[in-house]
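# What the coordinates show
Spelled out from the first residue to the last, the chains are:
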Amino acid sequence: MSTTTANTNPIFQRLPSVQAAVITDADTNVPVTLYTSVSTEGGLIDSISAVSTDSAAAIIQLTITDNAVGTDYAIGEVTVPANSGTDGTTPAFNLLSALLVLQESGGRTIPPSGILKVNAKATITAATQITFVANGGDY
């Protein structure tokens, strides 16, 4: 792995990454880490998909932890439809598109050593889960 500094004119992702997290009924109101930037230059999330086995919709909050200041920042809430990506008719859910992030900036920036977390605002149905997959990379 190269230890050179990021290309800054323009800047491109240098270290591609796919990271995942799962929320179950035990994780209600407990933020679960979805993506951690390991670069001292930060990163960019290109997409986040959600696949749900729950027969009810779920409100999911996304937060970013800025480790430089030790603070969590809410970046939005979205409703993941019931059975997204698991019933053969409802597609997997695109969280960044629902937040209108892609239209504005091309992705969601993650600060150096930052952490992107997902959190179910209410208990999801027992014995079900929502799986999140973040595609992106570090600078």
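Rules used in this analysis
- Residues numbered from 1 in each chain as written.
- Predicted model: local features only at pLDDT ≥ 70, side-chain atom pairs only at ≥ 80, totals over all residues.
- Heavy atoms only, no water.
- Pairing = 2+ DSSP bridges.
- Helix = DSSP H or I, 4+ residues; strand = E, 2+ residues; numbered from the N terminus.
- Axes fitted to C-alpha atoms, helices over the stretch in contact; angles between N-to-C directions.
- Salt bridge = Lys/Arg side-chain N within 4 Å of Asp/Glu carboxyl O.
- Buried < 20%, exposed > 50% of the residue type's maximum accessible area, 1.4 Å probe, protein only.
- Core = buried A, V, L, I, M, F, W, Y, C linked by side-chain atoms within 4.5 Å.
- Contact = heavy atoms within 4.5 Å.

Once that is clear, we can look at the sheet that holds strand β8 (residues 115-120). Neighbouring strands of a sheet are bound in pairs by backbone hydrogen bonds; such pairs are parallel or else antiparallel. Taken in spatial order, the four strands line up as β2-β8-β4-β5 in an open sheet, and their pairing is antiparallel. Looking at strand neighbours, the two that pair on one side only are β2 (32-36) and β5 (71-80), the edges of this open sheet. Direction aside, neighbouring strands of the sheet carry axes that sit 25 degrees apart on average. Pairing between strand β4 (residues 58-66) and β5: nine bridges, direction antiparallel.

Moving on, we get to the pattern of salt bridges. This structure, assessed with the given rule, holds one salt bridge. For Lys121, the salt bridge is made with Glu77, and the minimal N-O distance between the two is 2.8 Å. Highlighted residues: Lys121 in the loop between β8 and β9 (129-138) and Glu77 in strand β5, separated in sequence by 44 residues. Overall, Lys121 belongs to the partly exposed group, its relative accessible area being 34%. The class of Glu77 is partly exposed, set by a relative accessible area of 42%.

Time to look at the pairing of strand β3 (residues 43-52). Where β3 meets strand β7 (residues 108-110), three bridges bridge the pair, whose relative direction is antiparallel. Across the sheet, the residue bridging to Leu44 is Thr109, located in β7. Pairing between β3 and β9: nine bridges, direction antiparallel. By the bridge assignment for β9, Val51 is matched with Thr131. Relative to strand β6 (residues 93-94), β3 is paired through two bridges, and the arrangement is antiparallel. By the bridge assignment for β6, Ser49 is matched with Asn94.

Once that is clear, we can look at the environment of Ala126. Relative to the helices and strands, Ala126 resides in the loop between β8 and β9. Residues Ala126 and Ala26, spaced 100 residues apart in sequence, show a C-alpha to C-alpha distance of 8.4 Å.

A separate point is unusual backbone geometry. Look at Asn83: it is not a glycine, yet its phi comes out positive at around 55 degrees. Of note, Asn83 is situated in the loop between β5 and β6. Looking at Asn83, the relative accessible area reads 22%, which means it is partly exposed. The phi dihedral of Ser113 is positive, around 55 degrees, even though this residue is not glycine.

One finds Ile48, Ile60, Leu62, Leu95, Leu116 and Phe132 to be the most contacted residues of the largest nonpolar core, which totals 26 residues. Among the elements of the structure, β1 (15-24), β2, β3, β4, β5, α1 (95-98), β8 and β9 are those that each provide at least two residues to this core. Sorting elements by how many residues they give to this core places β4 first, with four residues. In this structure, Leu116 is in contact with Val32, Thr33, Leu34, Tyr35, Ile45, Ile48, Leu62, Thr63, Ile64, Ile75 and Ile110, ignoring residues within four places of it in sequence.

Position of Phe132 relative to the elements: it lies in strand β9. With a relative accessible area of 0%, Phe132 lands in the buried category. C-alpha separation for the pair Phe132 and Ala92, spaced 40 residues apart in sequence, amounts to 9.7 Å.

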